[in-house]
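Summary of structural features
One letter stands for each residue in the lines below.
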Amino acid sequence: QVQLVESGGGLVQPGGSLRLSCAASRSIFTINAMGWYRQAPGKERELVATFTSGSRTISADSVNGRFTISRDNAKNTVSLQMNSLKPEDTAVYYCSASYTGRDYWGQGTQVTVSS
């Protein structure tokens, strides 16, 4: 099993920045894929950015050039640096990990972009 603990959400003005972090309960070397999804009110959960099993990154077109995913292998964390935030980025952000054929999710952290 994998436990995921997210941190770093909050309220920010348009154009601002936030950094989300996700700490895994086991070495991320053993995890096939790990990244971030988000779900806005009334919408389906969608991919934001993720490391794949081959350690490549995939990100949504809507965040390319603004969001950067990174990993710290020593701390077993994956982070999401979010710059130039827009109101449409408002959502609950979830950390996700794929391990031994199962998907694991964090509890979610709220990101609100509003003036």
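Presented here is an overview of the structure given in this document. (Residues numbered from 1 in each chain as written. Predicted model: local features only at pLDDT ≥ 70, side-chain atom pairs only at ≥ 80, totals over all residues. Heavy atoms only, no water.)

**Brief notes about the packing of aromatic side chains**
Within the structure shown, the criterion is met by two aromatic pairs. Aromatic pair tyrosine 37 and tryptophan 105: ring centres 5.2 Å apart, planes at 70°, arrangement edge-to-face. In this pair, tyrosine 37 sits in strand β4 (residues 33–39) while tryptophan 105 sits in strand β10 (residues 102–105), placing the two residues 68 residues apart along the sequence. By relative accessible area, tyrosine 37 is classed as partly exposed at 25%. Among the residues examined, tryptophan 105 registers a relative accessible area of 37% and is labelled partly exposed. An aromatic cluster of at least three residues, connected via ring pairs, comprises Tyr37, Tyr94 and Trp105. Sitting above the plane of the tyrosine 94 ring, arginine 45 keeps its charged end 3.8 Å from the centroid. Stacked on the ring of phenylalanine 51, the Lys or Arg arginine 71 has its end atom at 5.0 Å from the ring centre. (Phe/Tyr/Trp six-rings, centres within 6.5 Å; stacked < 30°, edge-to-face > 60°. Helix = DSSP H or I, 4+ residues; strand = E, 2+ residues; numbered from the N terminus. Buried < 20%, exposed > 50% of the residue type's maximum accessible area, 1.4 Å probe, protein only. Lys NZ or Arg CZ within 6 Å of the ring centre and 35° of its normal.)

**Things to note about the pairing of strand β5 (residues 46–51)**
The sheet contact formed by β4 and β5 spans five bridges and is antiparallel. From the neighbouring strand, tryptophan 36 faces β5, where its bridge partner is alanine 49. Between the end of β4 and the start of β5, which pair antiparallel, lie six residues, with glycine 42 showing a positive phi angle near 75°. In terms of strand pairing, β5 meets strand β6 (residues 57–59) through three bridges, oriented antiparallel. Directly across from phenylalanine 51, in β6, lies its bridge partner threonine 57. (Pairing = 2+ DSSP bridges.)

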